[in-house]
Amino acid sequence: MISCKPLPYLLFLALVPASLPAQNPALPAPAVFGYRSFTAEAAIEEKFLSIPDAGLAGQHLKTLTAEPHLAATPGDHKTADYVAQKFRAAGLETEIVPYRVLLNQPTEVRVEAFAPNGKQLMSGPTREHVAGDPYQDDPRVALPFNGSSGSGDITAEVVYANYGRQEDFDYLAEQHIDLHGKIVLIRYGANFRGIKVYLAEQRGAAGVLLYSDPQDDGYAKGKTYPEGPWRPETGIQYGSVQYQFKYPGDPETPGVASTLELPDSARVSPYGSQPHIISIPISYHDAAPILQALKGLTVPKEWQGGLPFHYHLGEVGRKDGVTVHLLSRQDYQRRIIWDVIGKVKGTQYPDDWVIAGNHRDAWIYGAVDPSSGTAAMLEAVHGVGALLRQGWRPKRTLIFASWDAEEEGLIGSTEWVEQNAQALKRAVAYFNTDVAVSGPDFSADAVPSLKQFVRELTRSVPSPLGGSVYQQWRANHPAQSGLRGNHVTPEAGEDVHVGNLGSGSDFAAFLDHAGVPSTDIGSNGSYGVYHSVFDNYAWYTMNADPHFDYLQQMARVLGLEALRMADADVLPYDYAAYAREITSALEADQRRVGPAGRGSFDFGPALAAAARLATAAERVRGQQTDATGDLVRLNLALRQTESALLSETGLPNRPWYRHTIYAPDELSGYAAQVLPGVNEALDSKNLAIAAQQLTALTTALTRAAQTLEGAR
Ligand SMILES: [Zn+2]
């Protein structure tokens, strides 16, 4: 459970920076990186911060979650109209941008299990149900399904495979359990569900059953809904099993936008990023009778979940096996989806876009995921509208985006990025939010150049717990070593940790494909109803944020990211921090390779290129602070330094991913892989490719250093 103690008010007075109580104009504005003088901007930010309203945000949330709004359905279209109307009311130049993309919707889903003697053990999937939930019985709630699942009708023996990680499948192989033609029962957690299906398919499985074990987000964590926030017995996690680590977006158009005009002849087979096999998500109510009937070897201790009996791997190829029948009828069609794009043209740098975005589609109601993000974004837009009415205009073009079909595979954002690839070479930032509010615990991920930017601006936003968001964040999150300790070393003096961007939301196309510096923010808490019918307005007001104070907070943080970036004299990228992180990642790889590998790898040139980038960053920092000289040239060079880190050919097995420093991890899918070309080759013990990728990385780092040296 998360504990949040309000800081004493006096401490708040002592620590909060001058930009918050700018009510007193006699106080000088603080120095803010990227601004020659922050006085005028402080006044603009103060006006902005006074507008986002908790009550109005709550109303947006209620409207957005009034009915199921799966991508490409009438409910989804209604939410697009609502968002467009709010954008227009604020004075944004607004359009609804459609794409035609391949999506499946379930028409029939069945799961039955049989004991060796033919006795039926269960028949489902059982619809999600708890006592008293007002939203669960809507006839528009889709059948439980996985986006990108195959269609078919199969009957086979079942094997339990824990979380479905590479090491879990390796363990089954060591036990001589052959998965060819079998159905694999896998619990959610530890990695992206698409990876579970991908690995099962590689091992020859005919189908996958995904279930939510009570140990991971159910009663083992605490009280279940409606008594508490955790997943109840019938709760099901819907979700996409697309192979997003190959490429996200419309599976038929990698690298190309699926506009309405795009001819069918320009589309390719979807199986580059889609499984052939069936997968179906179920609750532990439905999984328990299957698990309980499995015989064979007892599972290793770590494989045991929270159900009150011993788990077994399953007896296959003998007479004691449990048999499961899976029926999945998926209606695959090219369907229309709708992004909503609202713009305010910049006065000084109209071609330099600052984009803030969040997806709008949900598996069902999506109160937390993503409607809390949409409600927060609409109140940020409300604040921008108030500034516009007072005559303010941003220096750079401001764009707010409401993406569609994120859940199926980051589709709306990916298609838009592919369509606007040329213009996005000048986009200076993409600020994402998705699961904006599930509780009080603020967190952020960012490219290294924007980590300090995020820390700094959260000092200007008040927390509902008292003090600033920054103070609460710092109180809850002392500096830590990151998710992947070997890749993320906390910098000396890092007071609050900002993570690296992996994948799992709409920043992926911006950063990994287009090289736009990005951040992702959220406010988190106990959240056991992810991707279930119970992620609805009733759950939200009971568990996450009853007075919508955190929606207001997130509206202010998201809006401030956009405003502060849009109006900066000089882009506030911290490339010294970037160079430090790259250097420590290279040093970690050097240790990983060890003395034995030094013959095949020379890290010297890559480390020298990173050092050259660090030197260029230190030199340019003075200019960024003074904001004098040729600012047009300076800003352009600063922006192009991030682009210089893209590789033209992309990563070896997945050319859509072009960033040489970050990609989603191929084996976890959510976490960030740092220096992906080198590390993935080392993971697969392909030393020739690793050496070649080290050279490609050196080229990119040298290009980035040269670009930054040109900033004068
Ligand atoms: Zn989401």
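Calculation rules
- Residues numbered from 1 in each chain as written.
- Predicted model: local features only at pLDDT ≥ 70, side-chain atom pairs only at ≥ 80, totals over all residues.
- Heavy atoms only, no water.
- Helix = DSSP H or I, 4+ residues; strand = E, 2+ residues; numbered from the N terminus.
- Contact = heavy atoms within 4.5 Å.
- Pairing = 2+ DSSP bridges.
- Axes fitted to C-alpha atoms, helices over the stretch in contact; angles between N-to-C directions.
- Parallel < 35°, antiparallel > 145°, perpendicular 65-115°, else oblique.
- Left-handed = near helix turned anticlockwise from the far one by under 90°.
- Donors = N, O, S within 2.8 Å, 3.2 Å for Na, K, Ca; no water.
- Tetrahedral: all angles 85-135°; square planar, octahedral: opposite > 155°, others 65-115°.
- Buried < 20%, exposed > 50% of the residue type's maximum accessible area, 1.4 Å probe, protein only.
- Polar contact = N/O pair within 3.5 Å; in protein donor to acceptor, adjacent residues only side chain to side chain.

With respect to the helices and strands, the residue Ser 283 is situated in the loop between strand 8 (278-282) and helix 8 (284-293). Dropping the residues within four chain positions of it, Ser 283 is found in contact with Tyr 211, Glu 233, Thr 234, Gly 235 and Ile 236.

Sheet topology note: the strand 1 (residues 93-114)/strand 9 (residues 323-344) ladder contains 21 bridges and is antiparallel. Counterpart to Val 101 in the pairing with strand 9 is Arg 335. In this structure, strand 1 lies alongside strand 2 (residues 120-124), joined through four bridges in antiparallel fashion. Pairing of Glu 112 across the sheet is with Ser 123, part of strand 2. Between strand 1 and the antiparallel strand that follows it, strand 2, lie five residues; Gly 118 among them carries a positive phi value of about 90°.

Relative orientation and spacing of two packed helices are given, respectively, by the angle between their axes and the distance between those axes. At their nearest, the axes of helix 4 (residues 74-89) and helix 9 (residues 367-389) sit 8 Å apart, and the two run at 20° to each other. When the axes of helix 4 and helix 9 are compared, the pair comes out roughly parallel. In this structure, helix 4 meets helix 9 at a crossing whose hand is right-handed. Along the contact surface, helix 4 presents Tyr 82, Val 83, Lys 86, Phe 87 and Ala 89, while helix 9 presents Thr 374, Met 377, Leu 378, Val 381 and Arg 389.

A few words now on the coordination of the zinc ion. Coordination sphere of the zinc ion, protein contribution only: His 359 (NE2), Asp 369 (OD), Asp 434 (OD) and Asp 434 (OD), at 1.8 to 2.7 Å. One can describe the donor arrangement at the zinc ion as irregular, given that its four donor atoms subtend angles of 52 to 139° at the metal. Mapped onto the sequence, the residues coordinating the zinc ion show the spacing H-x9-D-x64-D. Separated by 75 residues along the polypeptide, His 359 in strand 10 (residues 349-359) and Asp 434 in strand 12 (residues 429-437) bring together distant segments of the chain. Each member of the pair, His 359 as well as Asp 434, carries the same accessibility label: buried.

This part takes up the side chain of Ser 372. Inspection of the secondary structure puts Ser 372 in helix 9. Given the relative accessible area of 0%, Ser 372 is considered buried. A distance of 3.1 Å separates a polar side-chain atom of Ser 372 from the backbone nitrogen of Val 437. Those residues in contact with Ser 372 that sit more than four places away from it in its chain are Leu 61, Ala 367, Asp 434, Val 435, Ala 436, Val 437, Tyr 540 and Leu 551.

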